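Residue-level structure breakdown
Here is how the chains run, residue by residue.
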Amino acid sequence: MIIHMEKSHTENQLHRLKEKIESHDCKPHVIFGETLVTISVIGEVSKISLREIESLDGVAFVTRVSKPFKLCSIETQRDDHKVRVGDLEIGGNSFVTMAGPCSIESEEQTLRIAHAVKKAGAKILRGGAFKPRSSPYSFQGLGEEGLKIMKLAQEETGLLTVSEAMDLHGLELCYKYVDIIQIGARNMQNFSLLKELGKIDKPIVLKRGMSATIEEWLMSAEYILSGGNDKVILCERGIRAFDNQYARNVLDLNVIPILKKLTYLPLIVDPSHGTGYRHMVSPLSRASIAAGAQGIIVEVHDRPEEALSDGPQALLPEEFSGLMKDLRKISEALDIRFISDDVEKKKVA
Ligand code: PEP
Ligand code: MN
């Protein structure tokens, strides 16, 4: 149930409404939009009659949410929701680029790549310190040492940072060192982790599980929102299908228009894991911005043949720089605000 307050409502009226909701053992979740105040009611709402709520002073109108995901539903009609990270606002009519190596391998490697992606205009550096690998014998990431390197790269370049947490211990460490916490495909339904993410105030990139339905994915976002953290950025990273001979996954770009109908949460696309091959990354990135995604997260490595993970899908820095120029052109054609450094903008323009 979503309750829309009149613009002129008073604090007292809002308070009485909350009390009424609580008297039915439900939870009011107040959302202060730029111009509107709405209340999502969570719990066994079938017990509450629309009439009863509508008759209260200060209430404009009430609607029932038909979907199982309530807080992240478009039906809450939040005006122009964005996720703030540092001085950036992700979402709305803007496009952001996150780029960097799959894994943090060393200080030298990370700083080299960080400078390269910054020069090309990226605003956010990606890099994993805790790696979810199919084999226990593969490189598992540098752990806290890797996160310290991310912090150093942030200080040296001014880039914001994103890194993956796989468990509660990793979450505590990521919280300390990076700006955005990534939840990987394999953990999209790690419910105890999702509950903890609800309690923190940092933005979360929530990747789609490799065989998750759209509704399961949104229900995972709902876990985070219902815990109190609405800074969720959804990330499509490809799903498993029957043919993985020529591509690692199937990058499901269908979700871009679908999610626009279902949720106000920003959506970014990961064409690196979504395809698995370098030659596919730029075409799918261009398709993503053209279809309405609000960003991409891309793997970049200057020595991909030496990479400790995912070398075959990493763009070379010069390829990434070319991609950024293409994305900027598309954004201009479509009137999308392209988030990148002004220095680079001047150079390209
Ligand atoms: C990654 O971003 O490095 C990663 C492991 O992604 P995913 O969870 O999408 O496989
Ligand atoms: Mn990777």
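The structure under discussion appears in the preceding block.
Residues numbered from 1 in each chain as written. Chains lettered and ligands numbered in written order. Predicted model: local features only at pLDDT ≥ 70, side-chain atom pairs only at ≥ 80, totals over all residues. Heavy atoms only, no water.

Some thoughts on helix H10 (residues 278-291)
For H10, spanning 14 residues, the distance from its first C-alpha to its last is 21 Å, which sits close to the expected 20 Å at 1.5 Å a residue. What H10 keeps buried is the set Met-280, Val-281, Ser-282, Leu-284, Ser-285, Ser-288 and Ile-289. Of the surrounding elements, those touching the buried residues of H10 are strand S7 (94-100), helix H8 (255-262), strand S13 (267-269), helix H9 (271-275), strand S14 (295-299) and helix H11 (317-334). Looking one or two places after H10, you find Gly-292, whose phi comes out positive at around 115°. (Helix = DSSP H or I, 4+ residues; strand = E, 2+ residues; numbered from the N terminus. Expected span 1.5 Å × (residues − 1). Buried < 20%, exposed > 50% of the residue type's maximum accessible area, 1.4 Å probe, protein only. Contact = heavy atoms within 4.5 Å.)

A few points about the site of ligand 1
In the vicinity of ligand 1 there are 13 residues, among which Arg-126, Lys-131, Ala-185, Lys-207 and Arg-237 approach most closely. At 2.8 Å from an oxygen atom of ligand 1 is found a side-chain nitrogen or oxygen belonging to Arg-126. Gln-182 has a polar side-chain atom sitting 2.9 Å from an oxygen atom of ligand 1. Structurally, ligand 1 is housed in the largest pocket. Considered class by class, the residues forming the shell around ligand 1 number 3 nonpolar, 3 polar and 7 charged. (Near = heavy atom within 4 Å. Polar contact = N/O pair within 3.5 Å; in protein donor to acceptor, adjacent residues only side chain to side chain. 1 Å grid on protein atoms, 1.4 Å probe; cavity = no way out; pocket = protein on both sides within 12 Å on 5 of 7 lines; lining within 4 Å. Sits in = over half its atoms within 2 Å of the grid points. Nonpolar A, V, L, I, M, F, W, Y, C, P; charged D, E, K, R; others polar.)

Looking at the layout of surface pockets
Here the largest pocket is characterised by a volume of approximately 400 Å³. Lining the largest pocket are 22 residues, with Pro-132, Arg-186, Arg-237, Arg-248 and His-273 sitting closest to its centre. Across the lining of the largest pocket, the residue classes break down as 4 nonpolar, 8 polar and 10 charged. (Points joined across faces, edges and corners; volume = space filled by probe spheres on them.)

Comments concerning the sheet that holds strand S2 (residues 27-32)
What the 4 strands build is an open sheet, ordered S2-S3-S1-S4; its pairing is antiparallel. Two strands close off the open sheet at either side, each with one partner strand: S2 and strand S4 (59-63). Going across the sheet, the axis of each strand differs from the next one's by a mean of 20°, ignoring polarity. With 3 bridges joining them, strand S1 (residues 2-5) and strand S3 (residues 37-42) adopt antiparallel strand pairing. Residue pairing across strands places Ile-3 opposite Ile-39, the latter belonging to S3. Strands S1, S2, S3 and S4 of the sheet are contacted by helix H1 (residues 11-22), whose axis makes an angle of about 150° with S2. (Pairing = 2+ DSSP bridges. Axes fitted to C-alpha atoms, helices over the stretch in contact; angles between N-to-C directions.)

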